[in-house]
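Fold and geometry: a report
Below are the chains, spelled out letter by letter.
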Amino acid sequence: MSQKKNSKKIKKVKKGRYGIFLWAGLLLVAGVVAVFSFFKIAAALAEYRAGEKAYEKMETYVTPAEELFSEGSVSGSADSVVSEEEGPGIQVDFDSLKEINPDVIGWLYYPSLDISYPIMKGEDNDYYLHHTIEKKENFSGSIFMETKNTSTFADSHTIIYGHNMKNGSMFGKLKRIRDLEMTEDDHKFWILTPEKTQLCRVFSAQEVKAGGEAYMLFTGPCQEFVDWANQLCRTSIVDPDGVTFEETDRIITLSTCTSNDKTRFVVQGLCQ
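One numbering rule holds for all chains: residues counted from 1, following each sequence as written. In keeping with the predicted nature of the model, local features appear solely for residues at pLDDT of at least 70, side-chain atom pairs appear and are counted solely at 80 or more, and the whole-chain, interface and lining totals rest on all residues. Computation of side-chain values: all heavy atoms of the structure, hydrogens and water removed.

Regarding the overall build of the protein
For clarity, the cut-off: Helix numbers and strand numbers start at the N terminus; a helix is a DSSP run of H or I with at least 4 residues, a strand a run of E with at least 2. Relative accessibility under 20% of the residue-type maximum defines a buried residue, over 50% an exposed one, and the middle range a partly exposed one, all with a 1.4 Å probe and only protein chains included. Residues count as neighbours in contact if any of their non-hydrogen atoms are within 4.5 Å of one another. In this description, accessible areas are obtained by the Shrake-Rupley approach with a 1.4 Å probe, and a residue is regarded as covered only by the protein chains that are shown.
Along the protein, the regular secondary structure elements total 4 helices and 10 strands. Taken across its 272 residues, the protein has 43% of its residues classed as buried. Residue pairs at least 24 apart in sequence account for 61% of intrachain contacts in the protein once pairs closer than 6 positions are excluded. Total accessible area computed for the protein in this model is approximately 15,400 Å², and 54% of it derives from carbon and sulfur atoms.

Comments concerning the state of the cysteines
One way to say it: the disulfide is the covalent bond shared by the sulfur atoms of two cysteines. For clarity, the cut-off: Note on disulfides: each one is a pair of cysteine sulfur atoms within 2.5 Å.
Within the structure shown, the criterion is met by 0 disulfides. Between Cys-200, a free cysteine, and Cys-271, which holds the nearest cysteine sulfur, the sulfur-to-sulfur gap is 3.7 Å.

Let's talk about the packing of aromatic side chains
Convention followed: Side-chain rings of Phe, Tyr and Trp, where Trp is taken by its six-membered ring, are said to pair if the distance between their centres is within 6.5 Å; with planes under 30 degrees apart they count as stacked, over 60 as edge-to-face, and otherwise as tilted.
By the definition in use, this model includes 9 aromatic pairs. When the ring of Tyr-127 is compared with that of Tyr-128, the centres are 4.9 Å apart and the planes differ by 90°; the resulting orientation is edge-to-face. For Tyr-127, a relative accessible area of 30% corresponds to the partly exposed category. Look at Phe-218 and Phe-225: their rings are 5.3 Å apart centre to centre, the planes differ by 85°, and that puts the pair in the edge-to-face class. Look at Phe-225 and you get buried, because its relative accessible area is 0%. Among the aromatic residues, those joined into a ring-pair cluster are Phe-218, Phe-225 and Trp-228.

Quick word on the pairing of strand E8 (residues 197–209)
On any regular strand, side chains alternate: one points to one face of the sheet, the next to the other face. For the record, the criterion: When DSSP finds two or more bridges between two strands, those strands count as paired.
As judged from the 5 bridges shared by strand E7 (residues 188–192) and E8, these two strands associate in the antiparallel manner. Bridge assignment links Leu-192 to a residue of E8, and that residue is Thr-197. Here E7 hands over to E8 after 4 residues, the two strands then running antiparallel side by side. As paired elements, E8 and strand E10 (residues 263–271) share 9 bridges and run antiparallel to each other. Paired with Glu-207 across the bridge in E10 is Phe-265.

Some details on the confidence of the model for the protein
We apply this condition: As a per-residue quantity, pLDDT reports the predictor's confidence and falls between 0 and 100.
Chain-level pLDDT for the protein is 84 on average; 74% of the residues reach the 70-or-more range. Note that pLDDT drops below 50 for residues 35–45; the model gives that stretch 1 contact with residues more than four away or on any other chain. Across residues 73–84, confidence stays below pLDDT 50; counting only partners more than four residues off in sequence or on other chains, it has 31 contacts.

Considerations on the pairing of strand E6 (residues 157–161)
With 5 of 5 residues buried, E6 is to be regarded as a mostly interior element. Of the two faces of E6, both are covered, the one formed by His-157, Ile-159 and Tyr-161 as well as the one formed by Thr-158 and Ile-160.

Regarding the nonpolar core
Which entries qualify depends on this criterion: Buried Ala, Val, Leu, Ile, Met, Phe, Trp, Tyr and Cys residues form a nonpolar core when they are joined through side-chain atoms within 4.5 Å.
Within the largest apolar cluster, 62 residues are counted, with the highest numbers of intra-cluster contacts made by Trp-107 and Leu-254. Here Leu-254 is in contact with Leu-108, Tyr-110, Ile-160, Phe-171, Leu-174, Phe-189, Phe-265, Val-266 and Val-267, once residues within four sequence places are set aside.

Brief notes about the pattern of salt bridges
For the record, the criterion: Criterion for a salt bridge: a side-chain nitrogen of Lys or Arg within 4 Å of a carboxyl oxygen of Asp or Glu.
Tallied over the entire structure, the rule returns 4 salt bridges. The shortest N-O distance in the salt bridge between Glu-184 and Arg-201 comes to 3.7 Å. Note that Glu-184 is positioned in the loop between E6 and E7 and Arg-201 in strand E8, a separation of 17 residues in sequence. Judged by relative accessible area, which is 18%, Arg-201 ranks as buried.

Focus: the sheet that holds E10
Under the convention used in this document: Lines fitted to C-alpha atoms define the axes, with helix axes restricted to the stretch in contact, and inter-axis angles between N-to-C directions lie between 0 and 180 degrees.
Pairing in this closed barrel of 8 strands is mixed, and the strands run E3-E4-E5-E6-E9-E10-E8-E7 around the ring. Ignoring which end each strand starts from, the neighbouring axes of this sheet average 30° apart. Helix H4 (residues 223–235) contacts E6, E8, strand E9 (251–257) and E10 of the sheet and is inclined by roughly 65° relative to E8.

So this is what it looks like as structure tokens:
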């Protein structure tokens, strides 16, 4: 009897040890996961900050018009300087930006959504998806033009891409157009280039199929372009406000991702 009792005690002790080892193993795994997650989050935050700092630096190349005119002198061409009454009220130093990166083709300014960034154009649609204007790898990437478009914004339809960043940078604020009252100012964004400043009036904002008809490009003026633009008005979540289209018009699409890989959110403006 004593041997059986001792045997049972030994089994209980072994089971107790196995339990301790199991819990210790689980705690160790949990600790490793926690440490890994901490460093991963820290790395992500650092990369977010690096992207923010890169574009905060770019803002030093943008001067509000009131500062220019208050100084009593304005540099640059007449087309590149626009007063607050006439347009966005900023001047962009494209010469300095192009010294940083010759791939800069313009500047996007949407004051109602606090969006103000240089526009890049690469040899493909991948590079600036994950590189800043300084050509540093960063998941915030850049605001960039569809590679099939012409750099002069002369196409019937030009597409500009940007990440939907969680911290609101890049095109992270684009979806906030849903919350705007859509006053006259809310309908306006500008494309500035070294040659001219273009006002774009928003007529459409909506969630669309990734790579769907909203991304159609045109080889030139045609009735198909007008029909396409009218269809966008019909599905828009913002009021097109009686906008009409002609074959020779030009449309700019601002495009960003959504939480669904199969859809994108776009805001589209008619160049004035």
